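# Coordinate analysis (summary)
Chain residues, written in single-letter form:
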Amino acid sequence: SQPTTHFAKRKNKTSTVKKHMNRDIFENLFVLEVTNNHQGSLKRALDIVHEHSRVVRFNNVRAAIKLQFRDVDSFVHKDFRDRNDIRYVRRVLDTKISKHDYAVLVEAIRKSGCLPMATPFDESSVDWCVEFDMPIIKIASADSNDWMLLERIAATRRPCIISFGATPLKDMDDVVTFFEHRNISLAINHCVAAYPHEDSECELDQIDFLKNRYPGHTIGWSSHEYGDWHTSIAVAYAKGARTFERHIDIDNDGFQVAKYSSLPSQIDDWFRAFHRVVSFCGTSHSERKLPLSKETAYLDSYIRGVYAKRDLKPGEILCEEDIYLAIPLQKGQISCRELMLGKFGHKLVNAVSADSKITIDDIDTPYSRNDSLRRLIYDRGL
């Protein structure tokens, strides 16, 4: 279950991965991470879902609200359950929620219009993901080389998102190949597993690295910086990240919110920044865009038109000595773009006096027999 892979082999598999992997489920998906911010309270968890799902609907984005599942009674060793000096152990125990409460919470997420998601931290929690019919399973950075857990997750056949925070490169290659061999859709998040981290520690160039190393997979950005809800998503989206994750919380009950958690107003800023950057990036990254009409009109004003240098007679073939190019280009006039000179150049069908424009109707050319080109030439210029 721990295959070894090499970058060269990975590159050769690109077409197969693209053919079989379904990436649509990850496209422009926002994952809002509740973590243990419910503080073990179903009411607080429901309040978080209510407040943040309103922001999701208002911004018309596609979002999942993600929980964390642990079978706490087996996840923490019995000999350490009374240790108040181990912060992580204490936090896991103090924020325990019953399976019944999780069922209520999952249903509330669905009714809010968001997708329910969960990060399972043990095998029993994977079974909860199946029982609650989670459409996507998240794999935490810490579990990216936990092969017993990964086997159990893969057995569900559900799409997965994995974060690679501080994961060794070989483990990254192995787990990606593991899911590819099983034809399970996988999105890969760049993540800095520091809670919080500084803006200067975002390392967003890693998105380029992940796109190049794992072609055919959706690449995402799991964000834990705490001072800016605009810049990193703009950079990440422009680099090609298409799924995004942040921790969420509320502060209307006096609870001290963690620096890396976002309040509803901050998530609203985040979504607005996303819409702005999508607008900036435009309509296509895979083919040439269609020009704006005002762009074409502006450029047409600088195109040189073809003018007669002397009196020209019907039957003459235009040569360089017969014409000159100048602005403005006038309606119906041929431009430097359509000009053909020499033996196979334009043959005049009408007389043109010196310093007059040469129009599409004055020459025998394929352009003059193409109605759409004729309309274009007559619509442009002065």
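Scroll up to find the structure this text is about.
Quick notes on the rules
Residues numbered from 1 in each chain as written. Predicted model: local features only at pLDDT ≥ 70, side-chain atom pairs only at ≥ 80, totals over all residues. Heavy atoms only, no water. Helix = DSSP H or I, 4+ residues; strand = E, 2+ residues; numbered from the N terminus. Polar contact = N/O pair within 3.5 Å; in protein donor to acceptor, adjacent residues only side chain to side chain. Contact = heavy atoms within 4.5 Å. Salt bridge = Lys/Arg side-chain N within 4 Å of Asp/Glu carboxyl O. Buried < 20%, exposed > 50% of the residue type's maximum accessible area, 1.4 Å probe, protein only. Disulfide = S-S within 2.5 Å. Phe/Tyr/Trp six-rings, centres within 6.5 Å; stacked < 30°, edge-to-face > 60°.

In this structure, Arg90 sits in helix H5 (residues 87–94). A distance of 3.1 Å separates the side chain of Arg90 from the side chain of Asn84, its partner in a polar contact. Once you skip the residues sitting within four places of it in the chain, Arg90 turns out to touch Arg81, Asp82, Arg83 and Asn84.

Moving on, we get to the pattern of salt bridges. All told, the structure shown has 28 salt bridges when counted by the stated rule. Note that Asp79 is salt-bridged to Lys78, the shortest N-O span being 3.4 Å. Judged on exposure class, the residue Asp79 and its partner Lys78 are both exposed. Among the ionic pairs, Glu295 bridges to Lys289, the shortest N-O distance being 2.9 Å. Judged by its relative accessible area of 29%, Glu295 is partly exposed. The class of Lys289 is partly exposed, set by a relative accessible area of 34%. The structure contains a network of salt bridges with shared partners spanning Glu33, Lys66, Lys138 and Glu245.

Before going further, it helps to examine the state of the cysteines. Enumeration over the complete set of coordinates arrives at 0 disulfides. Just so you know, Cys191 is unpaired, no disulfide at all, and the nearest cysteine sulfur is the one on Cys202, 11 Å from it. The class of Cys191 is buried, set by a relative accessible area of 6%.

In this section: the packing of aromatic side chains. Summed over the entire model, instances satisfying the criterion amount to 18 aromatic pairs. Here the aromatic rings of Phe30 and Trp270 are separated by 5.1 Å at their centres, their planes lie at 75 degrees, and the arrangement is edge-to-face. With a gap of 240 residues between them, Phe30 in strand E1 (residues 29–33) and Trp270 in helix H12 (residues 264–281) connect regions that are remote in the sequence. Here Phe30 matches Trp270 in class, with each residue buried. Considering the side-chain rings of Tyr307 and Tyr324, the 5.7 Å spacing of their centres and the 15 degrees angle between planes classify their relative orientation as stacked.

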